[in-house]
Amino acid sequence: VERKTHNDKWTGEVSVKERFTVHESEVPLLLQGRFPIQEKKAEMIAKGKSPQEIDEWETLVREICQVIVSKQLVPTMRTQCMRTAFQIPFDATVRVSLDTNLCMISE
């Protein structure tokens, strides 16, 4: 799951991408607002993640779950593709991505 906040350059703020991973089997739980946050948090603690990282993750997950439930969001389309990215090694200032074998699936 990704939340992207785009800010125009003239504002002086940078655009931000915030992400967390959801296993395919947990998607229905996420859509119903029953994502196992405490269980995932325990896994992160066991893996040695920092308290700050865990708190930021939890805040993001709770905010996204709240938006999904409050706005009654449901999937309408799924896309699959093969992405190939080109960039200068160790320099992400210029990056070209090519998506091929694009498939759009109505949900």
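Preceding this paragraph is the structure being described.
Residues numbered from 1 in each chain as written. Predicted model: local features only at pLDDT ≥ 70, side-chain atom pairs only at ≥ 80, totals over all residues. Heavy atoms only, no water.

Asks: What should I look at first to understand the overall build of the protein chain in this one?
Replies: Each helix and strand counted, the protein chain has 3 helices and 4 strands in total. What you see in the protein chain, going N to C, is helices and strands ordered as β-β-α-α-α-β-β. Relative to the globule expectation of 13 Å for 107 residues, the C-alpha radius of gyration of the protein chain, 17 Å, shows a markedly less compact shape. In terms of its C-alpha atoms, the protein chain occupies a principal-axis envelope of roughly 40 × 35 × 30 Å. Each of the 107 residues in the protein chain was classed as buried or not, and the buried ones make up 18%. Within the protein chain, residue pairs in contact and separated by at least 24 positions form 37% of the contacts whose partners lie at least 6 positions apart. When the accessible surface of the protein chain is totalled, it reaches about 8,800 Å², and 55% of it is carbon and sulfur. Counting 15 positive and 16 negative side-chain charges, the protein chain places the averaged centre of each group 3 Å from the other. (Helix = DSSP H or I, 4+ residues; strand = E, 2+ residues; numbered from the N terminus. Rg over C-alpha atoms; globule rule 2.2 N^0.38 Å. Buried < 20%, exposed > 50% of the residue type's maximum accessible area, 1.4 Å probe, protein only. Contact = heavy atoms within 4.5 Å. Areas by Shrake-Rupley, 256 points an atom, 1.4 Å probe, with all protein chains shown as cover. Lys, Arg positive; Asp, Glu negative; His and termini not counted. Charge placed at Lys NZ, Arg CZ, Asp CG, Glu CD.)

Asks: Sorry if this is basic, but what is going on with the nonpolar core here?
Replies: The nonpolar side chains of soluble globular proteins are, as a tendency, buried together. Membership of the largest hydrophobic core comes to 13 residues, with the highest contact counts inside it found for Phe20, Leu30, Phe35, Trp57 and Val61. Sorting elements by how many residues they give to this core places helix H3 (residues 51-70) first, with 7 residues. Once residues within four sequence positions are removed from consideration, Leu30 is found in contact with Val1, Phe20, Val22, Phe35, Cys65 and Ile68. (Core = buried A, V, L, I, M, F, W, Y, C linked by side-chain atoms within 4.5 Å.)

Asks: Help me understand unusual backbone geometry in this model?
Replies: Residues other than glycine predominantly adopt negative phi, and peptide bonds predominantly adopt the trans conformation. A positive phi angle is found at Gln72, which is not glycine, with a value near 50°. Inspection of the secondary structure assignment puts Gln72 in the loop between H3 and strand E3 (77-88). Taking the relative accessible area as the measure of exposure, Gln72 reaches 68% and is therefore exposed. Here Phe90, not a glycine, exhibits a phi torsion of approximately 65°, which is positive. Overall, the relative accessible area of 88% leaves Phe90 in the exposed class.

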